[in-house]
Amino acid sequence: MNDIDKQFPEGMEPLGKSVFQFRCGPDVECYMSCCRKLDLILYPYDIVRLKNRLSISSEEFMRSHTRLGSSSHPFFPAVMLMMADNEEQCPFLDKNGCTVYEDRPTACRTYPLERAVDRSPSRGRVNEYYFMTKHPYCFGHQEVKEWTVRAWLKDQRVRHYNALNDLWAEIDTLFAGNPWQGEGAGGPRQQMAFMVCYNIDGFRRFAEENKLFDQFKLESSFLRILVDDDEALLKFGFEWLKYVLAGQGRLIRK
Ligand code: SF4
Ligand code: SF4
């Protein structure tokens, strides 16, 4: 039975509930070859997880491990992981494998799947679709271990990342509408938005200096978490950007 209710171009078949074969591990011949010479986009939550994993500030992480890249629109850049060793390999790879495995970025945990999201479904819900990526160097597809998409996402703990990435996607959609009011790229509003999305420690200082949390009606339980939790602060930051850039979102002024 076909569980996909959306049409895709020929050659792009979402996996739906079908089973696929894949296994990765140190005993697979190609082990670590996918961690070299990568164009890997980092989402805001990826950066929060990685900088906390490395016990460095978000400024230090951005300076040492990222570069800017092109996004799907001209009004806000993408942030890319910078390769190390003359751009040969991921900076978090050592001779035994990934040194940040529990906090590896979304792209690494989703691979070999890719996710597409339909944000304008007819029945009022957001639909997601997963596609198989096959690179010639990856022998994991020849392994006999079987998965469904659901089992893979659970095993790789992708769902939580997707939830945060979907919040980011809403913000990026806002940026795609050029909300900078004629300031252009790199203007003060865009720099502030960049800080919220990619420099969570800088945003925390900004929020404290400007008593930002005091200006809005926030649940006391959320307020308590907000004080030292970067994930909660990122969620607040996304809502605050909606508020200041478009007068949208859930924040209500006191
Ligand atoms: S290339 Fe594929 S099988 Fe090999 S290490 Fe990477 S993900 Fe695993
Ligand atoms: S973060 Fe880990 S899994 Fe991802 S490319 Fe780097 S070493 Fe590989």
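(A) Fine view of the overall build of the chain. Tallying secondary structure elements over the chain gives nine helices and nine strands in all. The C-alpha radius of gyration computed for the chain amounts to 20 Å, which stays within 12% of the reference 18 Å derived for 254 residues, consistent with globular compactness. For the C-alpha atoms alone, the extent of the chain along its principal axes is close to 60 × 45 × 40 Å. Per-residue burial over the chain gives 21% buried out of 254 residues.

(B) Local environment of helix H9 (residues 230–246). For H9, with 17 residues, the first-to-last C-alpha span of 24 Å sits near the 24 Å given by 1.5 Å per residue. Burial in H9 covers these residues: Asp 230, Leu 233, Leu 234, Phe 236, Gly 237, Phe 238, Trp 240, Leu 241 and Leu 245. Considering only its buried residues, H9 is in contact with helix H1 (44–53), helix H5 (159–176), helix H6 (188–198), helix H7 (200–209) and helix H8 (220–226). In the stretch just after H9, Gly 247 is the one whose phi turns positive, near 65 degrees.

(C) Up close: the site of ligand 2. If you check the shell around ligand 2, you find Cys 35, Leu 38, Cys 90, Phe 92, Leu 93, Cys 98, Val 100, Arg 104, Pro 105 and Cys 108 and nothing else. Its residues placed into classes, the shell around ligand 2 shows nine nonpolar, no polar and one charged.

(D) Geometry of the nonpolar core. The biggest cluster of nonpolar side chains holds 33 residues, and the ones touching the most others in it are Tyr 45, Ile 47, Ile 171, Val 196, Leu 233, Leu 234 and Leu 241. For this core, the elements supplying multiple residues, two or more each, are H1, helix H2 (58–65), strand S4 (78–81), H5, H6, H7 and H9. Broken down by element, this core gets its largest block of residues, seven residues, from H9. The two domains that each donate at least three residues to this core are domain 1 (20–157) and domain 2 (162–246). With near-sequence residues (within four places) excluded, Ile 171 lies in contact with Cys 197, Phe 238 and Leu 241.

(E) Structural view of the domain arrangement of the chain. Looking at the assigned domains, one finds that the chain contains domain 1 (20–157) and domain 2 (162–246). Using only C-alpha atoms to locate each centre, domain 1 and domain 2 end up separated by 24 Å. Between domain 1 and domain 2, the contact holds 16 residues from the first and 18 residues from the second. Broken down by secondary-structure element, the contributors of at least two residues to the side of domain 1 that touches domain 2 are H1 and H2. Looking at which element gives the most residues to the side of domain 1 that touches domain 2, the answer is H1, with five residues. A breakdown of the residues in the side of domain 1 that touches domain 2 according to their chemical character gives nine nonpolar, five polar and two charged.

What counts and what doesn't
- Residues numbered from 1 in each chain as written.
- Chains lettered and ligands numbered in written order.
- Predicted model: local features only at pLDDT ≥ 70, side-chain atom pairs only at ≥ 80, totals over all residues.
- Helix = DSSP H or I, 4+ residues; strand = E, 2+ residues; numbered from the N terminus.
- Rg over C-alpha atoms; globule rule 2.2 N^0.38 Å.
- Buried ≥ 20, exposed ≤ 12 C-beta atoms within 10 Å, placed from the backbone.
- Expected span 1.5 Å × (residues − 1).
- Contact = placed C-beta atoms within 7 Å.
- Near = placed C-beta within 6 Å.
- Nonpolar A, V, L, I, M, F, W, Y, C, P; charged D, E, K, R; others polar.
- Core = buried A, V, L, I, M, F, W, Y, C linked by C-beta atoms within 7 Å.
- Domains from an automatic or database assignment.

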